[in-house]
Number of protein chains: 2
Amino acid sequence: MKSIIIASTSTIHGSGYLEYLLDELSQHFKSADEILFIPYARPGGISHDEYTEKASEAFKSIGKTVKGIHEFENPEKALENAQGIFVGGGNTFVLVNQLYKNKVLLPIKKAIEKGTPYLGTSAGSNICGLTMNTTNDMPIVYPPSFKTLGLVPFNINPHYLDPIEGNTHMGETRETRIKEFHAYNSQPVIGLREGSWIEVKGNQLTLKGALDARIFEYDKQPYEIGTDSELNFLK
Amino acid sequence: MKSIIIASTSTIHGSGYLEYLLDELSQHFKSADEILFIPYARPGGISHDEYTEKASEAFKSIGKTVKGIHEFENPEKALENAQGIFVGGGNTFVLVNQLYKNKVLLPIKKAIEKGTPYLGTSAGSNICGLTMNTTNDMPIVYPPSFKTLGLVPFNINPHYLDPIEGNTHMGETRETRIKEFHAYNSQPVIGLREGSWIEVKGNQLTLKGALDARIFEYDKQPYEIGTDSELNFLK
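Analysis parameters
Residues numbered from 1 in each chain as written. Chains lettered and ligands numbered in written order. Predicted model: local features only at pLDDT ≥ 70, side-chain atom pairs only at ≥ 80, totals over all residues. Heavy atoms only, no water. UniProt positions renumbered as here; feature names shortened; annotations may be inferred. Helix = DSSP H or I, 4+ residues; strand = E, 2+ residues; numbered from the N terminus. Rg over C-alpha atoms; globule rule 2.2 N^0.38 Å. Buried < 20%, exposed > 50% of the residue type's maximum accessible area, 1.4 Å probe, protein only. Contact = heavy atoms within 4.5 Å. Areas by Shrake-Rupley, 256 points an atom, 1.4 Å probe, with all protein chains shown as cover. Lys, Arg positive; Asp, Glu negative; His and termini not counted. Charge placed at Lys NZ, Arg CZ, Asp CG, Glu CD. Least-squares fit on C-alpha atoms with pLDDT ≥ 70 in both. Phe/Tyr/Trp six-rings, centres within 6.5 Å; stacked < 30°, edge-to-face > 60°. Lys NZ or Arg CZ within 6 Å of the ring centre and 35° of its normal. Salt bridge = Lys/Arg side-chain N within 4 Å of Asp/Glu carboxyl O. Pairing = 2+ DSSP bridges. Axes fitted to C-alpha atoms, helices over the stretch in contact; angles between N-to-C directions. Buried area = accessible area lost by both parts, 1.4 Å probe. Polar contact = N/O pair within 3.5 Å; in protein donor to acceptor, adjacent residues only side chain to side chain.

The name an unreviewed UniProt entry gives chain A is dipeptidase E, with Winogradskyella epiphytica as the organism. Per its UniProt entry, chain A bears the Catalytic activity (unreviewed entry) comment "Dipeptidase E catalyzes the hydrolysis of dipeptides Asp-|-Xaa. It does not act on peptides with N-terminal Glu, Asn or Gln, nor does it cleave isoaspartyl peptides." As stated in UniProt under Subcellular location (unreviewed entry), the record for chain A gives "Cytoplasm".

Chemist: When you look at the overall build of chain A in this model, what are you seeing that I'm missing?
Modeler: If you tally the helices and strands in chain A, you get seven helices and eleven strands. The globule rule puts the C-alpha radius of gyration for 235 residues at 18 Å, and the 17 Å found for chain A is close to it. When its C-alpha atoms are laid out on the principal axes, chain A stretches across 45 × 35 × 35 Å. For chain A, the proportion of its 235 residues judged to be buried stands at 57%. Of all intrachain contacts in chain A linking residues separated by at least 6 positions in sequence, the fraction that spans at least 24 positions is 67%. Summing over all exposed atoms, chain A offers an accessible surface of approximately 9500 Å²; the carbon and sulfur share of this is 47%. Here chain A contributes 23 positive and 28 negative side-chain charges, whose respective centroids are spaced 6 Å apart.

Chemist: What is the right way to read the relation of the copies chain B and chain A from this model?
Modeler: Between the two copies of this chain, the relationship is a rotation about some axis together with a displacement along it. In the superposition of chain B on chain A (RMSD 0.0 Å, axial shift 0.0 Å), the rotation amounts to 180°. Here the symmetry operator amounts to a two-fold rotation axis. Comparing interface residues between copies, 100% of those in chain B also sit at the interface in chain A, which points to an isologous, same-surface contact.

Chemist: Just to check I follow, could you spell out the packing of aromatic side chains for this structure?
Modeler: The geometry of an aromatic ring pair comes down to the distance between the two centres and the angle between the two planes. Under the definition given, this model contains 20 aromatic pairs over all chains. Here the aromatic rings of Phe-93 of chain A and Phe-146 of chain A are separated by 5.8 Å at their centres, their planes lie at 75°, and the arrangement is edge-to-face. Here Phe-146 of chain A lies in the loop between α6 (123–126) and β6 (155–157) and Phe-93 of chain A lies in helix α4 (residues 92–101), a separation of 53 residues in the sequence. For the pair shown, Phe-93 of chain A and Phe-146 of chain A are each scored as buried. Site record: aromatic cluster; members linked through ring pairs are Phe-93, Tyr-142 and Phe-146 of chain A together with Phe-93, Tyr-142 and Phe-146 of chain B. Above the face of the Phe-72 of chain A ring, Lys-67 of chain A is positioned so that its terminal group lies 4.9 Å from the ring centre.

Chemist: How should I be thinking about the pattern of salt bridges in this particular structure?
Modeler: Opposite charge on two side chains lets them pair, provided their charged atoms get close. Within the structure shown, the criterion is met by 16 salt bridges over all chains. Salt-bridge contacts for Arg-193 of chain A lead to Glu-224 of chain A; the nearest nitrogen and oxygen are separated by 2.9 Å. Here Glu-224 of chain A lies in strand β11 (residues 223–225) and Arg-193 of chain A lies in the loop between β7 (189–191) and β8 (196–201), a separation of 31 residues in the sequence. The exposure class of Glu-224 of chain A is partly exposed, given its relative accessible area of 35%. Among the ionic pairs, Glu-224 of chain B bridges to Arg-214 of chain B, the shortest N-O distance being 2.7 Å.

Chemist: Help me understand α4 of chain A in this model?
Modeler: For an α-helix, the turn length of 3.6 residues means that residues three or four places apart are oriented alike. Here α4 of chain A lies mainly inside the structure; seven of its ten residues are buried. Those residues of α4 of chain A that fall on the buried side of the exposure criterion are Thr-92, Phe-93, Val-94, Leu-95, Val-96, Asn-97 and Leu-99 of chain A. Looking at the packing, one finds that the buried side of α4 of chain A touches β2 (34–38), β4 (85–87), α5 (105–113) and α6 of chain A together with α4 (92–101) of chain B. Looking one or two residues past α4 of chain A, Lys-103 of chain A carries a phi angle of roughly 50°, positive in sign.

Chemist: Looking at this structure, I do not really get the sheet that holds strand β11 (residues 223–225) of chain B. What am I missing?
Modeler: In sheet architecture, strand pairing relies on hydrogen bonds along the backbone and comes in two forms, parallel and antiparallel. Residue and element names in this part refer to chain B. Pairing is mixed across the open sheet formed by four strands, whose spatial order is β6-β7-β10-β11. Each of the sheet's edge strands pairs with one partner strand only, and the pair in question is β6 (155–157) and β11. For this sheet, the mean angle separating the axes of adjacent strands, direction not counted, is 30°. Both strand β10 (residues 213–216) and β11 contribute to a ladder of three bridges, which runs antiparallel. Residue Ile-215 lies in a different strand from β11, and its bridge partner there is Tyr-223.

Chemist: Help me understand unusual backbone geometry, please; the structure alone is not making it clear to me.
Modeler: A negative phi holds for most residues other than glycine; trans holds for most peptide bonds. Residue and element names in this part refer to chain B. Residues other than glycine seldom take positive phi values, yet Leu-18 does so here, at roughly 65°. Summarising the element assignment, Leu-18 is placed in the loop between β1 (3–7) and α1 (22–28). Here the phi dihedral of His-159 falls at roughly 50°; this positive angle occurs in a residue that is not glycine. Within the secondary structure, His-159 is located in the loop between β6 and α7 (174–181). For His-159, a relative accessible area of 7% translates into the label buried.

Chemist: Could you clarify how one ought to interpret the interface of chain B and chain A in this entry?
Modeler: Many descriptions give the size of an interface as the accessible area lost when the pieces come together. Counting residues at the interface gives 47 residues for chain B and 47 residues for chain A. Per-residue buried area on chain B facing chain A is highest for Met-138, Tyr-142 and Tyr-184 of chain B; these three make up 19% of the total on that side. Here Asp-137 of chain B makes a salt bridge to Arg-177 of chain A, at a shortest N to O gap of 3.1 Å. Our enumeration of links across chain B and chain A arrives at 26 residue pairs in polar contact (both at pLDDT 80 or more). Secondary-structure elements contributing two or more residues to the side of chain B that touches chain A are α4 and α7 of chain B.

Structure (structure tokens):
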């Protein structure tokens, strides 16, 4: 059974890395002793080793070890054998570029489909959608395609940000950007606020965490949906 | 002689479209009665006609007419004959995609090099840099390349935004994003705040407007540069 957590962020304000999710992760990865970590998104340009170390420290507190995919000679094999997979955040363009270059998109999808539990945060959540067209990241590298895993039949906008009242900055709001996305694309987009995640259990999709999420459907007014709502209607 | 204005934004808070720049534009386009407008970036997904009408209204107040490039059967010819060129803002991915599809990047560059005055705002400024890798926009379409006009030997970040003190949002700051850019690219980036522009006169590059700009050079601490500074050292 597919078992996926698609989280808006790894870290909420005033709390440690993955801290707000640890109870959830303890359950999610209960069958896994070791997590396979994909550090390709390189937040702040840090090395794969440094990033893996960071993930490792967080998982240690729930009794799991972590190994980076870059430590394996054969990443496809590593995914096949993984007990659990975590794709961390950073830059989505960098992440997607590396996933294509290392030919691991299909192996990740296969592992998830056979039931390997998956956690994505931020960029690692973006790639769960149909495409990465609704990332907030800067296009610092040019990936071979914007197509991603399509584990859910819509797009994700992580770190969703409401318009700031009284803001004098003239750059587009997040809502405007997603509206522009719908001038060229018709799939729904879910704006996941920091602290929210989507839980996928088999064919059951549920919004989790403390906050509401904002739904953008093609040719409709955006609207809010409460936590613990089913998301199966979105397609 | 090359004559280019690369503006952070079309509009500053509390003022009309292009209003803060009109005196400058009156001088910049003094030899032109008609401006060729490129509406490809489609802010908010509006039509080419609607966008051209918006530009038209602003230019009317300084006695210029505006015609959209989409009104011409042969865009290349239109650029060759243009008295002045304006590329408006919106989504940089949409703009660059259309510039490639309509094969007008080289014709724009040629027109500028023979002295046709050019104005870019926001996305229209992004494309003046070496690449569009430092846009803030959402990648809502997949362009054939991120390479742009290279009218200046660095990259532009329009609508540059300082970190907001006390902000609890965990998404990357603009500075972090540009630092990540430099993990993969070595050209300088200029963060242009809203109300700033770069003036290019032949080989002379100058920062204009009321505000300082932030300079990001590879492997250096970012720093501020005052208005009216020369930018020729940046390469």
